[in-house]
Each structure stands twice: as C-alpha cells, then as structure tokens.
Amino acid sequence: MTTNADSAKPTRRRAPAGAAVLREDVTEAIRAAVFEELAAVGYARMSIEGIARRAGVGKTAVYRRWRSKLHLVLDLVSAIAVQGLPAPDTGTLEGDLLLLYQVTSRALKHPVAGQIIPDLQAEAARNPEIADAMQKALREGQHGVASGIVRSAVTRGDLRDGLDEDLALDLISGPLYWRSVVVRTPELPKGHLKRLAAATAAALRVL
C-alpha cells in the first residue's frame, strides 16, 4: 500500500546504464596539462600519453572527452575565445584602450602563452582546422572587445559614426601584438602602453 508520505518522496533519476560521468576536476586537470605540454614540447611532439601523465590520469580519461589531440587543442582555443577579455568601461577612449592594453600585455607576457601562441601559429599555417579555430578566437576575443571600445566611443562622440571598423580594429590590436608576439620584446619601455593608447586614439579619430 502506498502512503501519502511515500508519494511525496522525490523520485531519484538514475543515470542511463553505461553512461560515463565525466568529473569536472579531471577535465580541468587535463586542460591545464595541455597548456603545460604545449609549452614544454610544442604541438607536433605533444601526445595524449604525455598529457595524461601530466594530468595524473589514464589515457582513457582523455579519450573519453576528446578523440584526438587536434580536437583537444581546438576545444581549448575555442574556450579561450568564449572567455574573452573584460570589456573596458572607463568613460574615455584613451582609458578604454589603456585598460585593454594592460590586460592583454599581462596575458601575452605569461611564459606559457609566449611559447604556445607562436607554436600554434606555425601549426595553423599547416592545419586549416587550427587556423579556423585561432581566427575564431581572435574575432570573438580581442576583436570583440575592441569592437565594443569603438562602438562606445562612437556613442560618446569620441569617434565619428561610419568609420572603417576593420581598419580601426587593426590599429587597436596590431601594435601591441607586434611587439609582444612577433618581435617578442622582453619588457616594454616604461609608459609605453599609455603612449600607445594615446597614439591609437589619435589615429582612430582621423579615420
């Protein structure tokens, strides 16, 4: 006989038989291991075995989540794009640019990022899937924030409506990327980011 108390009890749903429960802490450990492995040996020499060893898990744990190292790296690059950068909102064009440059410069100076980005760029020249993922990351990350800065400046009247937005994004993103990733200057000169923000703002105003 079923009592009212019995009928009031919540029904616990069981996971389907054979369904794998993927622990989030294991997934994060694997992602961290990928960054370390990329920085240590590069994409070409990176292996699922090496990633699993760094993460302290078996290879099966990696393969349950990603079917190859390519898909693992693509997922990682896409995750970075989704996280993006904080949208500056200082109230001035120069202030927004300076904040963007400060955050980006700190990220690019990280030793792991400094080793991984050039390696993935080289790999992207040979692998269209990685090239597409990196382009997506750039569009949704740095360029997405830069577009927001431009739109806010137009709304405030700091920049004219109808300016060439693609050229504006090149002006905003190009110089710091050149110094930090291509030339790989160890330390930027004192006050460089502030001067760069002012110079970029002046260039944007004449577009």
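Residues numbered from 1 in each chain as written. Predicted model: local features only at pLDDT ≥ 70, side-chain atom pairs only at ≥ 80, totals over all residues. Heavy atoms only, no water.

## Structural notes on the overall build of the chain
Then, in step 1: For the chain, the count of helices and strands is 11 helices and zero strands.
Then, in step 2: Counting helices and strands in the order they occur from the N terminus, the chain gives α-α-α-α-α-α-α-α-α-α-α.
Then, in step 3: The buried share among the 207 residues of the chain stands at 36%.
Then, in step 4: Relative to all contacts within the chain whose residues are 6 or more apart in sequence, the contacts with residues 24 or more apart total 66%.
Then, in step 5: For the chain, the computed accessible surface area is about 12600 Å², with 55% contributed by carbon and sulfur atoms. (Helix = DSSP H or I, 4+ residues; strand = E, 2+ residues; numbered from the N terminus. Buried < 20%, exposed > 50% of the residue type's maximum accessible area, 1.4 Å probe, protein only. Contact = heavy atoms within 4.5 Å. Areas by Shrake-Rupley, 256 points an atom, 1.4 Å probe, with all protein chains shown as cover.)

## A short note on helix α2 (residues 24-45)
Then, in step 1: Here α2 is 22 residues long, yet its end C-alpha atoms lie only 26 Å apart, well below the 32 Å a rise of 1.5 Å per residue gives.
Then, in step 2: Taking the largest bend as the criterion, α2 deviates by roughly 85°, centred on Ala39. (Expected span 1.5 Å × (residues − 1). Bend = angle between axes of the 7 residues up to and from the residue.)

## Brief notes about the side chain of Thr104
Then, in step 1: Inspection of the secondary structure assignment puts Thr104 in helix α6 (residues 93-109).
Then, in step 2: A polar side-chain atom of Thr104 sits 2.8 Å from the main-chain carbonyl oxygen of Leu100. (Polar contact = N/O pair within 3.5 Å; in protein donor to acceptor, adjacent residues only side chain to side chain.)

## So, the pattern of salt bridges
Then, in step 1: Across all of its chains, the model carries nine salt bridges by this definition.
Then, in step 2: Two residues, Arg31 and Glu28, come together in a salt bridge whose shortest N-O distance is 2.8 Å. On the criterion of helical spacing, the pair formed by Arg31 and Glu28 is a turn pair, its members being three residues apart in helix α2.
Then, in step 3: A relative accessible area of 22% means that Arg31 is categorised as partly exposed.
Then, in step 4: Glu28 sits in the partly exposed class, given a relative accessible area of 39%.
Then, in step 5: Glu123 serves as the salt-bridge partner of Arg126, at 2.8 Å between the closest nitrogen and oxygen.
Then, in step 6: Judged by relative accessible area, which is 59%, Arg126 ranks as exposed.
Then, in step 7: In this structure, a network of salt bridges that share partners links the residues Glu36, Glu37 and Arg54. (Salt bridge = Lys/Arg side-chain N within 4 Å of Asp/Glu carboxyl O.)

## Some thoughts on the packing of aromatic side chains
In this description, a pair of aromatic rings is defined by centroid distance and the angle of the planes.
Then, in step 1: Following the criterion strictly, the structure yields zero aromatic pairs and no others.
Then, in step 2: Directly above the aromatic system of Tyr43 lies the positively charged group of Lys69, at a separation of 4.5 Å from the ring centroid. (Phe/Tyr/Trp six-rings, centres within 6.5 Å; stacked < 30°, edge-to-face > 60°. Lys NZ or Arg CZ within 6 Å of the ring centre and 35° of its normal.)

## Observations concerning the side chain of Arg65
Then, in step 1: By the secondary structure assignment, Arg65 is in helix α4 (residues 59-65).
Then, in step 2: The side chain of Arg65 sits in the buried core without any salt bridge; Asp25 is the nearest counter-charge, 6.5 Å away.
Then, in step 3: A distance of 2.7 Å separates the side chain of Arg65 from the backbone oxygen of Ala61, its partner in a polar contact.
Then, in step 4: In this structure Arg65 touches Leu22, Arg23, Val26, Thr27 and Ile30, once residues within four positions along its chain are discounted. (Lys, Arg positive; Asp, Glu negative; His and termini not counted.)

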